[in-house]
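As a plain string of letters, each chain reads:
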Amino acid sequence: MNIIGTGCAHPSLTVTNEMLSGFLDTSDEWITTRTGIKKRQLISDERLEDLATEAATKALENAGVAAEDLDYIICSNVINEYITPSLSCILQGKIGANSPCVDLNGACAGFIYALDIANSFFKSKDIKNILIVCAEEPTRMVDWNQRNTCVLFGDGAGAVVLSRGEDVMAIKLTAVSKPEPLYQMRKLEHTPFINKEEPDGPLVMKGQDVFKLAVESSKNDINSVIDECDLSYNDVNYYLLHQANIRIIDTIRNTLQQDESKFPHNIEKYGNTSSASIPILLDELNRDKKLKKGDKLVLSAFGAGFVAGACLLKWSKE
Ligand code: COA
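Everything numeric in this text was worked out from a predicted model, so none of it was measured.

Novice: Help me understand the packing of aromatic side chains in this model?
Specialist: Two aromatic rings are characterised by how far apart their centres lie and by the angle between their planes. Within the structure shown, the criterion is met by two aromatic pairs. Considering the side-chain rings of tyrosine 72 and phenylalanine 121, the 4.4 Å spacing of their centres and the 40 degrees angle between planes classify their relative orientation as tilted. Of this pair, tyrosine 72 sits in strand β4 (residues 72–76) while phenylalanine 121 sits in helix α5 (residues 110–124), and the two are 49 residues apart along the sequence. Like phenylalanine 121, tyrosine 72 is buried. Taken together, a centroid distance of 4.8 Å and an interplanar angle of 10 degrees make the contact between tyrosine 239 and phenylalanine 263 stacked. Residue tyrosine 239 is located in strand β11 (residues 238–241), and its partner phenylalanine 263 is located in the loop between α8 (246–256) and α9 (267–270); the two are separated by 24 residues in the primary sequence. Tyrosine 239 gets classed as buried once you look at its relative accessible area, which sits at 0%. Note on phenylalanine 263: relative accessible area 2%, which makes it buried.

Okay, here's the thing in structure tokens:
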């Protein structure tokens, strides 16, 4: 499987740390030093489906693939305005495709899970092109009075078009059922028959527990894909990590003893955009012509579950 096109889309509203300190007991200094985030793009008047459509359209253009030539659409998404139908089905109509489509919720690791599913589809089906769109609005999950969570997130969408090939060399996925450090539960519609307590509320996060789980799982997954391909850390040109916290990225980089330039990041501009963060970063590197043919990339993400995954791939796009 090869990545032949990338795209991304951001909401128009920029919210800086200074703007947050106008209504929260926080500061640019605290947010910058603890997370690396300076600003984020937040949904205000947009709909997530429109961001997904923009990212998908750009990825298709970049790949030179027409929407009607797509054989499958996979959307990675945690929440959006529709419970049903799926975001991928909404998107299918908006871009003018006619393929089957499915959504998955792999939390912030959703892009790696989607890559794994796409890879299996190429092996099991007679298909040519798959579109993955990761579209997320985590800022609608948090309580905007809770400074420990709301400052971390941003909204956005990232997309890739995939075709047959040998570029994806290894994928490792892990999941441990451990919701306590990071979860959100919401009340469903009432029925006359419900007689249980129903939890409801914003995202709950034990930051330090999540930090440790993230570092541990990412290190293990990276080691796993590198070992599987008989490579060393030095053989990898770029490590694209989930953009959750610059300190998580730095901790992993220090363990791997690799140069800072190998860990591109954009968390300072967008915050944590959940599963969209890696495809957004990949699109930036692709469009800025930073990736050379033959470069080896490791993608690594982690999120609520606790789920995680890494992918090692060769870049062959000109
Ligand atoms: N502004 C100012 N102070 C804040 C704050 C904010 N936005 N958020 C928390 N604080 C305060 C806390 O209340 C605490 O105050 P106290 O010492 O008086 O109790 C203090 O800062 C330290 O809080 P702590 O939670 O120990 O900070 P931390 O160094 O662990 O950083 C996170 C907090 C959330 C930035 C960090 O734990 C983290 O990034 N964890 C991973 C989160 C993540 O990646 N989630 C998504 C995964 S997909």
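Novice: Can you help me understand the pattern of salt bridges in this one?
Specialist: Between side chains of opposite charge, a pair can form when the charged atoms approach closely. One pass over the full model with this rule turns up 11 salt bridges. A salt bridge links glutamate 49 to lysine 94; the nearest nitrogen and oxygen atoms lie 4.0 Å apart. Highlighted residues: glutamate 49 in helix α3 (residues 48–63) and lysine 94 in helix α4 (residues 87–95), separated in sequence by 45 residues. Assessed through its relative accessible area of 12%, glutamate 49 is described here as buried.

Novice: Explain unusual backbone geometry here, please?
Specialist: With the exception of glycine, most residues fall at negative phi, and the peptide bonds are largely trans. Cis geometry marks the peptide bond from threonine 84 to proline 85; its omega dihedral reads 5 degrees. With respect to the helices, strands and loops of the structure, proline 85 is situated in the loop between β4 and α4. Residue phenylalanine 306 follows glycine 305 across a cis peptide bond; omega there is 15 degrees. One non-glycine residue with positive phi stands out, namely serine 274, at about 55 degrees. With respect to the helices and strands, serine 274 occurs in the loop between α9 and α10 (277–287).

Rules and cut-offs
Counting starts from 1 at the beginning of each chain's written sequence and moves along it residue by residue. Local features are withheld for residues below a pLDDT of 70 in this predicted model, meaning they are given only at 70 or higher, and side-chain atom pairs are given and counted only at 80 or more; totals for whole chains, interfaces and linings count all residues. Side-chain numbers come from the whole structure's heavy atoms, not from hydrogens or water. By convention, a stacked pair of Phe, Tyr or Trp rings (six-membered ring in the case of Trp) has centres within 6.5 Å and planes under 30 degrees apart, an edge-to-face pair has planes over 60 apart, and any other such pair is tilted. Numbering of helices and strands runs from the N terminus; a helix is a DSSP stretch of H or I covering at least four residues, while a strand is a stretch of E covering at least two. Each residue is placed in one exposure class: buried if its accessible area under a 1.4 Å probe, protein chains only, is under 20% of its type's maximum, exposed if it is over 50%, and partly exposed if it falls in between. When a carboxyl oxygen of Asp or Glu is within 4 Å of a side-chain nitrogen of Lys or Arg, the pair counts as a salt bridge.

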